[in-house]
Amino acid sequence: MLRFRSPSIRSLDQETLCTIRLLDDSEISCSIQRDTKGQFLLDHVCNHYNLLEKDYFGIRYVDPEKQRHWLDPSKPVVRQMKAQQPYMMCFRVKFYPNEPMKIKEELTRYLLYLQLKRDVYHGRLLCPFADAAYLGACIIQGELGDYDPDEHPSDYIQDFKLFPKQSLKLERKIIEIHKNELRGQSAALAELHMVQRAHTLETYGVDPHPCKDFTGSTAFLGFTATGFVVFQGNKRIHLLKWADVSKLKFEGKTFYVIGIQKEKKLVLTFHTSTPAACKHLWKCGVENQAFYKCAKSSQIKTVSSSNIFFKGSRYRYSGRVAKEVIEASSKIQRDPPTVRRAQFGQSRSYNSLSHKNLIMNMEPLVPALPSTNEYEETATDNGVVALKEAVHLSQLEAPPTEAELCDPGPVNAPAGDDVSPVVAAAAARVFTETSNGRPQTTKPELDEEDEESSNEALTISELVYSPCASMLPTPVEDNQGGVDLLFSSPVQSPAWLLRELHADPDIQAQLEAERERDRAYERVRQAGRSRVGGVLSSGLRLLSSNERANACLLSVARFVAVVTGVLLVVVPTLLLLLESDIDVSFLHEIRQTPEFQQFHYEYYCPLRRWVLCKIGKALEKLWSD
């Protein structure tokens, strides 16, 4: 007798403690039950902030294998968490606003500002010297207010850790901008200018995923409001806009991006370190594509990574899309909530930086030629600030904790060479921004510039794009080999294989022998084409004379016929039951699934209209005859 074990009331009522680390490194805690869904935790944090524009944010956690994940709001928290209790999570920006100026409330802009400040500090948001100085000056203006010579000594910037490594030259430039250009700006205005400048950078909103391309070289993939980007070396080698991305799929450790570029089909293949990392990359791509591309949440479809030989996974983004979020923001009518700004001393991440845990990850390269419209100081500064060096954050000189691993790590993210440094000298100066984050120019120039940048490689930095391995979405310890250790079976480079073939005479002899065998096989195949008909006829006679073979064939054919008949009866019957008005519990549950609704509206309704149309035409023809 089968006995089904039902959960006890005690196990259902058992509470689990969850700690959520916020953007300013403060922490809040709450208790959840076994069936509490992720949306409860997200609402709990948003209620703590009194936040309404919450669709840009999410909660990130780390599993025991140090793989990062975004908490699914529609699933129970306990089923998603594989770590031991109590649970530690992080509240972070999940979707960076494509148009920060359309954010309605100052509170939302402040949280975005905190996330960008973390990105600058961790090394993800990188920029040339002039932009780095301006970002740092905006942060100082927001924290300290106007420069006061009586309160601020000559080296007051040294007390603040803004970048992974601050040079004396950078600090002097920050002081100069803070003294002269930002005077009179409130904290909210300084934060707004910082968000505007960060929005113009090439890697605004990029969460880098380490992969290997088909040549075995390390590449970093990311998803932005514009589309899918790939960084390799010191170049952005691919920018595929969401309108040109037709499908994202994965099989095991292999990730595929299928799209159209220059009116030709493009298939990009990358290899991740683990299947879990590949699935996380795929889910991030599906969510970002749905959020930025779709005009309404009703247009979001269930995405499957399966094919004929691979079962794969199915996933559907269940939140609102960017356009809906902007429309909802414009309808907010309430008194602005109070913004509680945290000081530098309240942030653990800023105090955890020391000279002992700086990890230099730089490689000398030939400097890229500066553009003609670049800021004049670039010629003298000649290079990128040390912000482009990776940092390993650790509070007690120990491996990163789960909460620290929730932050994607330092990424040598670039800034576009063609972005001229715009300095906000007063509150009246406002940027007119385009969808790709650059200052507004004339329409023909903008379209031409976008077309060129998306079709060819763009040099993003004089330094190699090389994030710290311990802070990536699939982190490892840097002292164990870095990013290369993520891949247990790296793909060999074709160029390396060719060099090995030309260098080894034994391999050359084997290749020549294989070519001779191929030529002999081709001759035999050409000679045997005339005898194919005779061989097939003799094979059929052999099968017909073998009774055991005939019995096996008959049994297989009978089994296939029975299965086909059962399917032809069961599937239409089940379809009729589902489309009928019969109110049965399991039929009602099936009708509520997004897969059935997608099948109903995309396949069943058009098929029913087509059949009715054909029947109507046949009846009209019959009556006319």
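Residues numbered from 1 in each chain as written. Predicted model: local features only at pLDDT ≥ 70, side-chain atom pairs only at ≥ 80, totals over all residues. Heavy atoms only, no water.

1. Some words on the overall build of the protein
Point 1. When helices and strands are tallied, the protein shows 19 helices and 15 strands.
Point 2. A separation of at least 24 residues holds for 68% of the contacts in the protein among residues at least 6 apart in sequence. (Helix = DSSP H or I, 4+ residues; strand = E, 2+ residues; numbered from the N terminus. Contact = heavy atoms within 4.5 Å.)

2. Some thoughts on the packing of aromatic side chains
Point 1. Evaluation of the coordinates by the stated rule reveals 15 aromatic pairs.
Point 2. A centroid spacing of 5.9 Å and a plane angle of 35° characterise the contact between Tyr 49 and Phe 91, whose relative ring orientation is tilted. With Tyr 49 in helix α2 (residues 38–49) and Phe 91 in strand β5 (residues 87–93), this pair connects stretches of sequence that are 42 residues apart.
Point 3. Tyr 49 gets classed as buried once you look at its relative accessible area, which sits at 13%.
Point 4. Taken together, Tyr 56, Phe 95, Phe 291, Tyr 292 and Tyr 317 form an aromatic cluster joined through their ring pairs.
Point 5. The ring of Phe 129 carries Lys 169 above its face, with NZ or CZ at 5.7 Å from the centroid. (Phe/Tyr/Trp six-rings, centres within 6.5 Å; stacked < 30°, edge-to-face > 60°. Buried < 20%, exposed > 50% of the residue type's maximum accessible area, 1.4 Å probe, protein only. Lys NZ or Arg CZ within 6 Å of the ring centre and 35° of its normal.)

3. Quick word on the nonpolar core
Point 1. Judged by nonpolar contacts, the single largest core of 97 residues is most densely connected at Leu 41, Met 89, Phe 91, Leu 116, Ile 174, Phe 228 and Phe 255.
Point 2. Look past the residues within four positions of Phe 91 in its chain and what remains in contact with it is Ile 20, Arg 21, Leu 22, Leu 23, Leu 42, Val 45, Tyr 49, Leu 51, Phe 57, Gly 58 and Ile 59. (Core = buried A, V, L, I, M, F, W, Y, C linked by side-chain atoms within 4.5 Å.)

4. A short note on helix α19 (residues 594–624)
Point 1. In this model, α19 (31 residues) spans 44 Å end to end at C-alpha, consistent with the 45 Å of a helix rising 1.5 Å per residue.
Point 2. Along its length, α19 reaches its greatest deviation from straightness, about 40°, at His 600.
Point 3. For α19, the full list of buried residues reads Phe 596, His 600, Tyr 604 and Cys 605. (Expected span 1.5 Å × (residues − 1). Bend = angle between axes of the 7 residues up to and from the residue.)

5. Looking at the pattern of salt bridges
Point 1. Per the stated rule, a full pass over the model turns up 17 salt bridges.
Point 2. Two residues, Arg 334 and Glu 105, come together in a salt bridge whose shortest N-O distance is 2.7 Å. Of the two residues, Arg 334 is situated in the loop between α9 (322–330) and α10 (348–351) and Glu 105 in the loop between β5 and α4 (106–122); the sequence distance between them amounts to 229 residues.
Point 3. Residue class for Arg 334 comes out partly exposed when judged on its relative accessible area of 30%.
Point 4. Of the charged contacts in the structure, one is a salt bridge between Lys 117 and Glu 143, with a shortest N-O distance of 3.2 Å. One end of the pair, Lys 117, is in helix α4; the other, Glu 143, is in helix α5 (residues 129–144), with 26 residues separating them in the sequence. Note on accessibility: Lys 117 and Glu 143 belong to one class, buried.
Point 5. Connected through shared salt-bridge partners, Glu 106, Glu 191 and Arg 341 make up one network. (Salt bridge = Lys/Arg side-chain N within 4 Å of Asp/Glu carboxyl O.)

6. Describing the environment of Thr 19
Point 1. Structurally, the position occupied by Thr 19 is in strand β1 (residues 16–21).
Point 2. When the C-alpha atoms of Thr 19 and Tyr 87 are compared, they prove to be 6.1 Å apart, with 68 residues separating the residues in sequence.
Point 3. Among the polar contacts listed, one links the side chain of Thr 19 to the side chain of Ser 29, at a separation of 3.4 Å. (Polar contact = N/O pair within 3.5 Å; in protein donor to acceptor, adjacent residues only side chain to side chain.)

7. A few points about the sheet that holds strand β3 (residues 57–62)
Strand pairing in a sheet is mediated by backbone hydrogen bonds. Such pairs are either parallel or antiparallel.
Point 1. Ordered in space as β2-β1-β5-β3-β4, the five strands form an open sheet in which the pairing is mixed. Both edges of this open sheet fall to β2 (27–32) and β4 (68–70), since each of them pairs with a single strand only. Shown here is a sheet whose adjacent strand axes are inclined to one another by a mean of 30°, direction ignored.
Point 2. Here six bridges tie β1 to β2, and the two strands are oriented antiparallel to one another. In the strand pairing of β2, Ile 20 is matched with Ile 28.
Point 3. The sheet strands contacting α2 are β1, β2, β3 and β5, and the helix crosses β2 at an angle near 140°.
Point 4. Packing against the sheet, α4 makes contact with β3 and β5, and its axis sits at approximately 105° to β5. (Pairing = 2+ DSSP bridges. Axes fitted to C-alpha atoms, helices over the stretch in contact; angles between N-to-C directions.)

8. Some words on the side chain of Lys 212
Point 1. With respect to the helices and strands, the residue Lys 212 is situated in strand β6 (residues 209–212).
Point 2. Relative accessible area serves as the criterion here: at 6%, Lys 212 is assigned to the buried category.

9. Thoughts on the packing of α4 against α5
Point 1. Viewed as axis vectors pointing N to C, α4 and α5 meet at an angle of 130°, and their least axial separation amounts to 12 Å. Comparing their axes, α5 and α4 come out oblique. Of the two possible hands of crossing, α4 and α5 adopt the one that is left-handed. Contacts between α4 and α5 involve Tyr 113, Lys 117 and Val 120 from the first element and Leu 135, Ile 139 and Glu 143 from the second.
Point 2. When grouped by side-chain class, the residues that make up the contact of α4 with α5 number four nonpolar, no polar and two charged. (Parallel < 35°, antiparallel > 145°, perpendicular 65-115°, else oblique. Left-handed = near helix turned anticlockwise from the far one by under 90°. Nonpolar A, V, L, I, M, F, W, Y, C, P; charged D, E, K, R; others polar.)

10. Thoughts on unusual backbone geometry
Glycine aside, the phi torsion of most residues is negative, and most peptide linkages are trans.
Point 1. The backbone of Asn 50 sits at a positive phi, close to 60°, despite the residue not being glycine.
Point 2. Position of Asn 50 among the secondary structure elements: in the loop between α2 and β3.
Point 3. Of note in the backbone geometry, Glu 263 takes a positive phi value of approximately 60° without being a glycine.
Point 4. By the element assignment, Glu 263 lies in the loop between β11 (254–261) and β12 (264–271).

11. As for the pairing of strand β10 (residues 245–251)
Point 1. Inspection of the sheet shows β10 paired to β11 by six bridges, in the antiparallel sense. Residue Glu 251 lies in a different strand from β11, and its bridge partner there is Thr 254.

12. Remarks on a nonpolar patch on the surface
Point 1. Residues Leu 607, Trp 610, Val 611, Leu 612, Ile 615, Leu 619, Leu 622 and Trp 623 make up a contiguous nonpolar surface patch of roughly 930 Å² in combined accessible area.
Point 2. Inspection of the secondary structure puts Trp 610 in helix α19. (Patch = residues over 30% accessible without salt bridge, like charges linked within 9 Å, V, L, I, M, F, W, Y side chains within 5 Å. Areas by Shrake-Rupley, 256 points an atom, 1.4 Å probe, with all protein chains shown as cover.)

13. Section: the environment of Asn 50
Point 1. Looking at Asn 50, the relative accessible area reads 39%, which means it is partly exposed.
Point 2. Linking Asn 50 and Pro 337, residues 287 residues apart in sequence, is a C-alpha distance of 6.9 Å.
Point 3. If sequence neighbours within four positions are ignored, Asn 50 has contacts with Leu 107, Arg 334 and Pro 337.

14. Brief notes about the confidence of the model for the protein
Point 1. Within the protein, residue pLDDT values average 75, and 67% of them lie at 70 or more.
Point 2. Of the regions scoring below 50 in pLDDT, residues 345–399 engages in 120 contacts with residues more than four places distant in sequence or in other chains.
Point 3. Throughout residues 489–503 the model reports pLDDT below 50, and contacts reaching past four residues in sequence, or to other chains, amount to 16 contacts. (pLDDT = per-residue confidence, 0-100.)

15. Some words on the packing of α4 against helix α7 (residues 187–199)
Point 1. Where α4 contacts α7, the two axes come as close as 9 Å, and the packing angle between them is 55°. With respect to their mutual orientation, α4 and α7 come out oblique. In this structure, α4 crosses over α7, and the sense of that crossing is left-handed. Seen from α4, the contacting residues are Glu 106, Arg 109, Tyr 110, Leu 112, Tyr 113, Leu 116, Lys 117 and Val 120; seen from α7, they are Ala 188, Glu 191, Leu 192, Met 194, Val 195 and Ala 198.
Point 2. Of the residues contributing to the contact of α4 with α7, the split by class is ten nonpolar, no polar and four charged.

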